[in-house]
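Here is what each chain is made of, one letter per residue.
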Amino acid sequence: MDAATNALTGQGISLSFGGIKVLKGLDVTFRAGEITGLIGPNGAGKTSLFNCLTGAYSPQEGQIAYAGQSLDGLSPAARAGKGIVRSFQHVALSLDLTVLENVMIGVARNHHAGWLNAFLPLPRGRAERAEMERAAMGALTDLGLADAAHSLPDALPPGMLRLVEIARAIVGKPDVLLLDEPAAGLNNSETRDLMQTLRKLRSGGLVMVVVEHDMDLVMSICDRIYVMNFGEFVACGTADEVRRDPDVIRIYLGSDDD
Amino acid sequence: MSDILRDLFPLVWSGMITGCLYALGALGLVMIFKCSRVVNFSHGNVAGFAAFLIYGFSSGVLLELSWGAAVLLTIIAIIAIAFLSYAVVSPLVFESDLTATIATLGIGLIAQGATLLIFGADIVSLDLPVPRFSTAVLGLRITGYDLTVLAVAVVTIGALFFVIDFTKLGIAFRAISENPFAAEVCGLNLRSVHLFAWIVAAILGVVGALLIVPTTFLSVTTVAAFMLQAFAAAVIGGFASLPGALVGGILVGVLMNLFTFYVSPEYSSTFLLGLIMLALNIFPNGILARVEGFRV
Amino acid sequence: MSDQNVSLPLSPVDQAGWRSLISAQVGTWLLIAVALCLPLVVAGSWVFALGICFANAIGVLSVSVLVRYGGEVSIGHTFFSAVGAYTVAILDTRFGIPLWLSVPPALALGVVAGILFAWPSRRLSGIYLAVSTLALALAVPEIINNADGLTGGYEGLYVSEPLVPGVKMSLQRYYAALAVLLAVTYGLARLRRSRQGLALLLSKSHPAAADAFGARQVWARVAVMGISGGIAALCGAMLAFAGSTVSPSGFTFWAAIFLLVGSVVSVYGLTFPRALIGGAFLTLIPQFLSASGAWIPVLYGVALLGVILAGHYLPRLTQAMGRRKGGA
């Protein structure tokens, strides 16, 4: 696969809520095979941009495309069907389901057994369940969560739930993976495990975007970093370029000279 | 053509009169919903119980009081019931409004059972001491009952809006309806405002029940059935808007009247169902819990 | 989104561990065995009442499934049970079609009715949906009464066609209702483990997350209402067969509220024993209190409040107890 053609792109994305411009005509290209970081202060518009990419919000202006195909007007569910998957800033797991079952939902879009299989012990439904369980168990094992597979989310600490959320996002082998603050609430060793996993995931076909406040994580795993402030990109480049950018320094270290 | 017009005006007029009563019921539902997001399904049954209490206090079944004293005593009893009901529901209100709403169904069932236990399943009649006269204005027959209903509705609703607009409790009520969290941070007591709404609603229910009963007989289900139109009125008005409840009540009164006369008297509940579904889908403003822009 | 969640005392399987799970299973099997043998020992009137109890248990399940998988409350499920009941009764009295041929169309019509109701109300939730189901329940008796050419109006219809010719009718009524109840609980147990079931449960608590994994909210609502409507129609079908008569008095607004009461009393459980608790509450209490009918609504109301308040206070109480123990 050619990395350049499989990019997720946005052109001139503008979003406003009741007159307040949240995103101001953003142009962006997230390339396959790279991990792209999206950083910026709170309220900069990072999650809003995510929501536009996944279809939860529809921007007033601008086009979003993946691999050259326009995604405009597609629902989140339809985008999920195209392999665009996200994790949530606030852990969004069902408390009725075990950890394993929550992760199984991540592969649901690849399965299509009909409603009869849901109520009757038909072979296709059984095979589907076994297949989904196997995949989910694999993802949990990768993230070191195999022991918690049969627990309910209630019984686990927040850091582990965050990882379950990520397991659910990666288990379906997505083409585009959008992670919203994956390291929030994780302790140091959990963050290290997460970085390891994300590096392992980096492959030729996968577009990976990470919104994160943990600068160490972003600087060490991201190939390219976009810095946002007030709904605009302030800077873009490799970790070193961004670190040296005067605008970025001003945003992050305060603006005494204004 | 002229026949249709000749029927139309009296139909609209009498529809407006019943509509005022639906509005009284709907206002009570909206008061409670606005501040606590709970739909009070016990409203009709409690109001029906109140009507029976007035009957019981004035007819010699329980006591032999004058009509005015019976009403006063009933209102005191109803306030006590509202207080009790809210005491039962209040811990649930802060947890889940849907659970609290189911709990009001329980209260309604108890009120219905209590009515049956005390007064039996018989039909009784309860009259209003209103002047019996009727006059014709532009071909409309207007009775003393009509004018009483209109006057009581105007005075009651006027008083309600005055209380909400100008008294301290009313202002707290509005603040909490707008934003309960902010209002609580500002030191307003949610519980006392909720209780205020429950008591006002209960009194509105008594007034509505008193006025509706003379048009029919009083049985266990009369007032509860009447309150179902009040539900429709509240839904059409947006459920969270007091003026909306007023408009909705009159609209339901008039439309039901026209429907039963011109189309079919047998399908009035089905018509009501259609009306509610239509209102919920076409005028979702203030009705939909969340239209768009949810946070994830 | 507090309006999405109906709070309940839940019993998490995993915390209880496998041992109690197995003992629960043994209990269920025992209960089924008892239910199978009961007609041999109890009097005829009880066999009849228990048949209706099983049918009502199915109705309780239809409301519970909506709560569990949709997070919504209905006070209008008599609409769907009436669809099932009249399908069976009309096919029986008009065309002499026996139950085993009339249940599939009853189920199908119930599902269709559920979907048809779900579509216009797909954007309503919580209290708004509950109020629109209320309107649904109100319209039912009126529609039945007015379509008297088809439904027999006020008088109702008598279901007489046997399922298996030659077997005592009272036993047929009992076992058919029991069989359908068992089938429904089995189907629901499978649903809980199915792909669709998982997606519905996620959609209930986190609609946006479910959306992001391909399960659209509208799909979830329509699916849940379809399932719930179908089960309610099965309840109606079995009420018609086990109760032998179908009339509008069985599908009043109060009957709809009672279904919700049964569902709450069974703590929205979807298992055979829980459904039985709900069904027994709806059937056997009126049986016991038939001499003093006015106590029925009082008792139902008190039970409803009792279970809800217990669901509110018990977790707090056990928590407080646990804390005291931990501190000592």
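Residues numbered from 1 in each chain as written. Chains lettered and ligands numbered in written order. Predicted model: local features only at pLDDT ≥ 70, side-chain atom pairs only at ≥ 80, totals over all residues.

### Things to note about the overall build of chain A
Definition in use: Only DSSP runs of H or I reaching four residues or more are called helices, and only runs of E reaching two or more are called strands; each is numbered from the N terminus. Within these notes, the globule rule equals 2.2 Å times the number of residues to the 0.38 power, and the radius of gyration is based on C-alpha atoms. Counts of 20 or more other C-beta atoms within 10 Å of a residue's own C-beta define buried residues, counts of 12 or fewer define exposed ones, and intermediate counts define partly exposed ones; C-beta atoms are placed from the backbone.
Scanning chain A for helices and strands turns up ten helices and ten strands. Here the C-alpha atoms of chain A give a radius of gyration of 19 Å, agreeing with the 18 Å that 2.2 N^0.38 yields for 258 residues. Projecting the C-alpha coordinates of chain A onto the three principal axes gives extents of approximately 70 × 40 × 40 Å. A total of 258 residues make up chain A; the buried ones form 46% of that total.

### Notes on the overall build of chain B
For the record, the criterion: We call two residues in contact if the C-beta atoms placed from their backbones are at most 7 Å apart.
Counting its secondary structure elements, chain B contains eleven helices and two strands. Moving toward the C terminus, one meets the helices and strands of chain B in the order α-α-α-α-β-β-α-α-α-α-α-α-α. The C-alpha atoms of chain B give a radius of gyration of 19 Å, which matches the 19 Å a tight globule of 296 residues would have. Referenced to the eigenvectors of the C-alpha coordinate spread, the extents of chain B come out at roughly 60 × 50 × 35 Å. The buried share among the 296 residues of chain B stands at 50%. In chain B, once contacts between residues fewer than 6 apart in sequence are set aside, the share between residues at least 24 apart is 73%.

### Quick word on unusual backbone geometry
For Lys173 of chain A, which is not glycine, the phi dihedral falls at a positive 50 degrees. Topologically, Lys173 of chain A is positioned in the loop between helix H6 (158-170) and strand S7 (176-180). Positioned with a positive phi, Ser244 of chain C is a non-glycine residue whose angle comes to about 65 degrees. In this fold, Ser244 of chain C is placed in the loop between helix H10 (217-243) and strand S2 (245-246). Given 18 C-beta atoms within a 10 Å radius, Ser244 of chain C is considered partly exposed.

### Regarding the interface of chain B and chain C
Basically, it comes down to this: Each residue gets one of three labels, nonpolar for Ala, Val, Leu, Ile, Met, Phe, Trp, Tyr, Cys and Pro, charged for Asp, Glu, Lys and Arg, and polar for the others, Gly among them.
Counting residues at the interface gives 41 residues for chain B and 40 residues for chain C. Counting only elements with at least two residues in the side of chain B that touches chain C, the list comes to helix H3 (67-93), helix H4 (97-119), helix H9 (222-236) and helix H11 (268-282) of chain B. Of the residues belonging to the side of chain B that touches chain C, the class tally is 28 nonpolar, nine polar and four charged.

### Focus on helix H4 (residues 99-118) of chain C
Put simply, the test is: Take the residue count of a helix, subtract one, and multiply by 1.5 Å to get its expected span.
Helix length check: H4 of chain C, at 20 residues, gives a terminal C-alpha distance of 28 Å against a target of 28 Å (1.5 Å per residue), a fit within 8%. Residues Leu99, Ser102, Val103, Ala106, Leu107, Leu109, Gly110, Val111, Ala113, Gly114, Phe117 and Ala118 of chain C constitute the buried set of H4 of chain C.

### Quick look at the environment of Ala210 of chain C
Residue and element names in this part refer to chain C. Positionally, Ala210 belongs in helix H9 (residues 207-212). For Ala210, a count of 28 C-beta atoms within 10 Å translates into the label buried. Ignoring anything within four residues of it in the chain, the contact list for Ala210 reads Ala199, Leu202, Ser203, Ala215 and Ala220.

### Details of the sheet that holds S7 of chain A
All names here are of chain A. Counted only if it meets this: At least two bridges found by DSSP between two strands is the condition for calling them paired. Axis definition: a line fit to C-alpha positions, over the contact stretch in the case of helices; interaxial angles, taken between N-to-C directions, run 0 to 180 degrees.
The mixed open sheet is built from six strands, whose spatial order is S6-S7-S8-S3-S9-S10. Strands at the two margins of the open sheet, each flanked by one partner only, are strand S6 (84-86) and strand S10 (232-237). Strand after strand, the sheet turns through a mean of 20 degrees between neighbouring axes, direction not considered. The pairing of strand S3 (residues 35-39) with strand S9 (residues 224-229) spans four bridges and is classified as parallel. Bridge pairing in S9 links Ile39 to Val227. Contacting S6 and S7, H6 crosses the sheet at an angle of about 165 degrees to S7.

### Considering the sheet that holds strand S2 (residues 20-30) of chain A
All names here are of chain A. Read across the sheet, four strands follow the order S2-S1-S4-S5 without closing on themselves; strand pairing throughout is antiparallel. At either end of the open sheet lies a strand with only one pairing partner, and these are S2 and strand S5 (69-70). On top of the sheet, helix H1 (residues 46-54) reaches strand S1 (8-17), S2 and strand S4 (61-66); it is set at about 65 degrees to S2, its chief contact.

### Some points on the pairing of strand S8 (residues 207-211) of chain A
All names here are of chain A. Keep this limit in mind: A right-handed crossover is one whose linking path, passing over the helix from the first strand to the second, runs clockwise when the strands point away from the viewer.
Within S8, five of the five residues are buried, which leaves it mostly tucked inside the rest of the structure. Bridge analysis of S3 against S8 gives four bridges, and the strand direction is parallel. From the neighbouring strand, Gly37 faces S8, where its bridge partner is Val210. Judged from the five bridges that link them, S7 and S8 form a sheet pairing that is parallel. Note that in S8 the partner of Leu179 across the bridge is Val210. With helix H7 (residues 188-201) bridging S7 and its parallel neighbour S8, the resulting β-α-β unit is right-handed.

### Focus on the pairing of strand S1 (residues 134-137) of chain B
All names here are of chain B. Both S1 and strand S2 (residues 140-143) contribute to a ladder of four bridges, which runs antiparallel. Across the sheet, the residue bridging to Val137 is Leu140, located in S2. The hairpin formed by S1 and S2 contains two residues between the paired strands, and Leu138 there has a positive phi angle of roughly 50 degrees.

### Here we look at the environment of Leu138 of chain B
Residues and elements named next belong to chain B. Among the structural elements, Leu138 can be located in the loop between S1 and S2. Judged by local crowding, Leu138 falls into the exposed class, with 6 C-beta atoms found within 10 Å. For Leu138 and Phe9, which are 129 residues apart along the polypeptide, the C-alpha to C-alpha distance reads 9.5 Å.

### With respect to the domain arrangement of chain A
Accessible area lost upon the coming together of the parts serves often as the stated size of an interface. Residue and element names in this part refer to chain A. Stated precisely, the cut-off is as follows: Domain ranges listed in this record stem from an automatic or a database domain assignment.
Segmenting chain A into domains produces domain 1 (1-83 + 175-184 + 206-258) and domain 2 (92-173). The straight-line distance from the C-alpha centre of domain 1 to that of domain 2 is 28 Å. Each side of the interface is counted separately: domain 1 has six residues, and domain 2 has five residues. Secondary structure elements with two or more residues in the side of domain 1 that touches domain 2: helix H2 (76-81) and S7.

### Here's the deal with helix H6 (residues 168-178) of chain B
All names here are of chain B. Selection rule: Read the arc as the range of directions from the helix axis to the C-beta atoms.
Along H6, the positions that sit buried rather than exposed are Ala172, Phe173, Ile176 and Ser177. Buried positions in H6, seen along its axis, are confined to an arc of 135 degrees and lie on one side of it. Of the exposed residues in H6, the ones pointing more than 90 degrees away from its buried face are Lys168 and Glu178.

### With respect to the UniProt feature "transmembrane region" (unreviewed entry) in chain B
All names here are of chain B. For clarity, the cut-off: UniProt positions are given in the numbering used here, feature names are shortened, and annotations may be inferred rather than shown by experiment.
According to UniProt, the feature "transmembrane region" (unreviewed entry) maps to residues 12-33, 45-63, 69-89, 101-124, 144-164, 195-213 and 270-291 in the numbering used here. Helix makes up 79% of residues 45-63 and strand 0%, and the two end C-alpha atoms of the span are 22 Å apart. Helix makes up 100% of residues 144-164 and strand 0%, whereas the separation of the span's terminal C-alpha atoms amounts to 30 Å.

### Section: the environment of Leu38 of chain A
All names here are of chain A. The residue Leu38 is located in strand S3 in this model. Exposure remark for Leu38: the 26 C-beta atoms within 10 Å place this residue in the buried category. For the pair Leu38 and Val210, spaced 172 residues apart in the sequence, the C-alpha separation amounts to 5.9 Å. Sequence-distant contacts of Leu38, that is, excluding residues within four places in its chain, are made with Lys46, Val209, Val210, Val211, Tyr226 and Met228.

### Brief notes about the confidence of the model for chain B
Residues and elements named next belong to chain B. Where we set the bar: Per-residue confidence from the predictor is reported as pLDDT, which spans 0 to 100.
Summary statistics for chain B give a mean pLDDT of 84 and a share of 95% for residues scoring 70 or more. Within the model, pLDDT remains below 50 along residues 286-296, and this stretch shows 20 contacts once partners closer than five positions in the same chain are excluded. At the level of chain-chain contacts, confidence expressed as ipTM amounts to 0.85, with global pTM at 0.87.

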